[in-house]
Amino acid sequence: RSSSYCSVDNFLDYVNYCMLKLPNKKVIWIGDININQNDLSASKYRKFDAVLKSYGMVQTVQDITRVARLGDKYTSTTIDVIFTNCYSEFDSTTVLPEKIGDHQAIKC
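A quick note: this is a predicted structure, and the numbers were derived from the prediction, not measured.

Visitor: Would you mind going over the overall build of the protein chain with me for this structure?
Guide: Looking only at helices and strands, the protein chain has two helices and seven strands in total. Listed N to C, the secondary structure of the protein chain is α-β-α-β-β-β-β-β-β in terms of helices and strands. Taken over the C-alpha trace, the protein chain has a radius of gyration of 14 Å; the compact-globule value for 108 residues is 13 Å, and the two agree within 12%. Burial analysis of the protein chain (108 residues in total) assigns 34% to the buried set. Intrachain contacts of the protein chain at a sequence separation of at least 6 include 60% that bridge at least 24 residues. When the accessible surface of the protein chain is summed, it comes to about 6900 Å², and 51% of that surface belongs to carbon and sulfur atoms. Across the protein chain, the 13 positively charged side chains and the 12 negatively charged ones have centroids separated by 4 Å.

Parameters and conventions
Residues numbered from 1 in each chain as written. Predicted model: local features only at pLDDT ≥ 70, side-chain atom pairs only at ≥ 80, totals over all residues. Heavy atoms only, no water. Helix = DSSP H or I, 4+ residues; strand = E, 2+ residues; numbered from the N terminus. Rg over C-alpha atoms; globule rule 2.2 N^0.38 Å. Buried < 20%, exposed > 50% of the residue type's maximum accessible area, 1.4 Å probe, protein only. Contact = heavy atoms within 4.5 Å. Areas by Shrake-Rupley, 256 points an atom, 1.4 Å probe, with all protein chains shown as cover. Lys, Arg positive; Asp, Glu negative; His and termini not counted. Charge placed at Lys NZ, Arg CZ, Asp CG, Glu CD.

Structure follows, in structure tokens:
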């Protein structure tokens, strides 16, 4: 989800739209959603988390996926995610040392 082209609300509306089309299906979403999973008090995170919970989904990436320089400071965020409603079937989710652009690669 590019924050320049798609608002959080539009993205979450699309997630809802897709999930309603996939009742009783195993679903895995993977991507850069630009919603920091480490900022639990942010309204973007809380909205995202509420949508996930409403479909019994879990966000599986727990490590930092992007380190960026912001002025003279560095930020560490988890904005690349894997969320699913079939978590019990996962062996693991891993953030790899390899980078894709300025993001770490993830695998499940």
